[in-house]
Amino acid sequence: MNILVFWHIFWSLVSGDQSAWSAFMVAQEKIPVAQVIKEKEATLPRLQRLEEAIAPEIKAAAGAVWNVDDDRWLFEKNPDAPRSIASITKLMSMLVVLDHNPDWQAEHEMTAADRRDGGKIYLYKGDKVTLRNLFDAVLVGSDNTAVIALINSLGLTEEQFVTEMNIKAKSLGMLNTTFKDAVGLHNGNVSTARDIVRLAHVAERVALGAAPRAIVTPSPLLMRLGRPWLGLDHDPGVDTRRA
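Since this is a predicted model, take the numbers as computed values, not measurements.

The rules behind the values
- Residues numbered from 1 in each chain as written.
- Predicted model: local features only at pLDDT ≥ 70, side-chain atom pairs only at ≥ 80, totals over all residues.
- Heavy atoms only, no water.
- Pairing = 2+ DSSP bridges.
- Helix = DSSP H or I, 4+ residues; strand = E, 2+ residues; numbered from the N terminus.
- Core = buried A, V, L, I, M, F, W, Y, C linked by side-chain atoms within 4.5 Å.
- Buried < 20%, exposed > 50% of the residue type's maximum accessible area, 1.4 Å probe, protein only.
- Contact = heavy atoms within 4.5 Å.
- Expected span 1.5 Å × (residues − 1).
- Phe/Tyr/Trp six-rings, centres within 6.5 Å; stacked < 30°, edge-to-face > 60°.
- Axes fitted to C-alpha atoms, helices over the stretch in contact; angles between N-to-C directions.
- Parallel < 35°, antiparallel > 145°, perpendicular 65-115°, else oblique.
- Left-handed = near helix turned anticlockwise from the far one by under 90°.
- Polar contact = N/O pair within 3.5 Å; in protein donor to acceptor, adjacent residues only side chain to side chain.

Novice: Provide a residue-level description of the pairing of strand β2 (residues 72–77), including the pertinent values.
Specialist: As paired strands, strand β1 (residues 63–67) and β2 are joined by five bridges and run antiparallel to one another. What sits directly across from Trp66, in β2, is Trp73. Taking the residues between adjacent antiparallel strands as the criterion, β1 and β2 are bridged by four residues, where Asp71 takes a positive phi near 55 degrees.

Novice: So what's going on with the nonpolar core? Which residues, and what values?
Specialist: Generally speaking, nonpolar side chains in soluble globular proteins are found buried as a group. In this structure, Met92, Leu134, Leu150, Phe161 and Met165 are the most contacted members of the largest nonpolar core, which totals 35 residues. Sorting the residues of this core by element identifies α5 (89–99), α6 (131–141), α7 (144–153), α8 (158–171) and α9 (193–208) as the ones contributing at least two each. Once you skip the residues sitting within four places of it in the chain, Leu134 turns out to touch His108, Met110, Leu123, Val129, Ala146, Ala149 and Leu150. Counting five residues, the second largest nonpolar core, distinct from the first, contains Ala64, Trp66, Ala193 and Val197.

Novice: For α9, give the residues involved together with the corresponding values.
Specialist: Owing to its 3.6 residues per turn, the α-helix aligns residues three or four sequence positions apart on the same side. In this model, α9 (16 residues) spans 23 Å end to end at C-alpha, consistent with the 22 Å of a helix rising 1.5 Å per residue. Along α9, the residues that are buried comprise Ala193, Arg194, Asp195, Ile196, Val197, Arg198, Leu199, His201, Val202, Ala203 and Val206. Trailing α9 by a residue or two, Gly209 shows a phi angle of about 75 degrees, which is positive.

Novice: Tell me about the packing of aromatic side chains, and please be specific about residues and values.
Specialist: What the rule picks out here adds up to two aromatic pairs. Aromatic side chains Trp66 and Trp73 sit 6.5 Å apart centroid to centroid with 45 degrees between the ring planes, which places their arrangement in the tilted category. Take Trp66: its relative accessible area is 11%, and that puts it in the buried class. Judged by centre distance (5.1 Å) and plane angle (70 degrees), the ring pair of Trp104 and Phe135 falls under edge-to-face. Of this pair, Trp104 sits in the loop between α5 and β4 (107–109) while Phe135 sits in helix α6; the two residues are 31 residues apart in sequence, bridging distant segments of the chain. Residue Trp104 is classed as buried on the basis of its relative accessible area of 14%.

Novice: For unusual backbone geometry, give the residues involved together with the corresponding values.
Specialist: Comment: phi is negative for the bulk of residues other than glycine, and the bulk of peptide bonds are trans. Although it is not a glycine, Asn78 adopts a positive phi angle of roughly 45 degrees. Residues other than glycine seldom take positive phi values, yet Ser142 does so here, at roughly 50 degrees.

Novice: Outline the side chain of Asn67, supporting the account with residue identities and numerical values.
Specialist: Examined against the element boundaries, Asn67 turns out to sit in strand β1. Residue classification places Asn67 among the buried positions, given a relative accessible area of 18%. Once residues within four sequence positions are removed from consideration, Asn67 is found in contact with Arg72 and Leu74.

Novice: Pulling in residues and values, what's your account of the packing of α5 against α6?
Specialist: Closest axis-to-axis distance for the α5/α6 pair is 10 Å, and the angle between their directions is 160 degrees. Put simply, α5 runs roughly antiparallel to α6. Every pair of crossing elements has a handedness; the one defined by α5 and α6 is left-handed. Judged by residue contacts, Lys90, Leu91, Met94 and Leu98 of α5 engage Phe135, Val138 and Leu139 from α6.

Novice: I'd like to hear about the environment of Ala182, residue by residue, with values.
Specialist: Along the polypeptide, Ala182 turns up in the loop between α8 and β6 (190–191). By relative accessible area, Ala182 is classed as buried at 0%. Beyond its immediate sequence surroundings of up to four residues, Ala182 is in contact with Thr89, Ser93, Val147, Ile151, Glu158, Phe161, Val162 and Met165.

Novice: I'd like a description of the environment of Ser87, backed by residues and values.
Specialist: Take Ser87: it is sitting in the loop between β3 (83–84) and α5. The spatial distance from the C-alpha of Ser87 to the C-alpha of Val183 is 6.2 Å, given a sequence separation of 96 residues. Side chain to side chain, Ser87 and Lys90 meet in a polar contact 2.8 Å long. Separated by 3.4 Å, the side chains of Ser87 and Ser142 make a polar contact.

So, in structure tokens, the structure goes:
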């Protein structure tokens with residue numbers, strides 16, 4: 001017996017790791033290969049428990065992580081539970097603004113009708129601001145007044161604008177999302193972790209000037225048929241021009 005084989009046997013005895021011993025016995029044609037495979041499969045639950053043990057503790061009530069490279073959900077915690085989303089609303093608001101392809105260099109003069117309380121006020125009546133700067137104020141400063149000013153600059157009422165937001169949400173596969181206002185102050189603005197992943201992905205791809213990819217949502221029925229359901233079975237109809 002050479003020293004390498006002796007070491008494998010010794011290690012299997014002191015560590016409890018039977019893999020080295022099994023490999024040796026297979027090499028000696030003492031154990032069928034199928035038996036070794038079966039023994040390996042028996043360790044899978046233990047490995048899964050280990051993965052769960054080292055997973056990070058997520059204190060949030062809900063969350064989801066999606067791998068854009070292989071269309072795989074890496075983490076899910078109450079991913080389809082509706083929750084109030086506050087200023088995350090503004091991501092959808094700005095996607096709808098982009099759909100209108102505004103003249104970014106055009107100036108809007110702030111009026112009393114543009115004022116929306118909540119958060120720090122950066123814009124005041126009489127200020128003349130380009131639409132591009134209003135757009136930036138929304139996404140960088142989460143400025144509620146800037147959202148309303150953009151809506152008014154498009155010649156729409158907030159009610160009309162919110163209707164467009166809800167239509168767009170459904171077109172993106174955000175089936176558990178509802179908007180009641182354009183800034184996020186209304187508690188009726190609700191969505192889910194999974195839907196917000198969709199929204200964030202689309203917003204990122206629009207910012208990069210690329211077409212969003214489909215996000216896979218598991219469906220128990222279709223998974224049994226071997227056909228995962230695509231939450232987005234087409235590239236969403238979004239304007240991918242950069243602002």
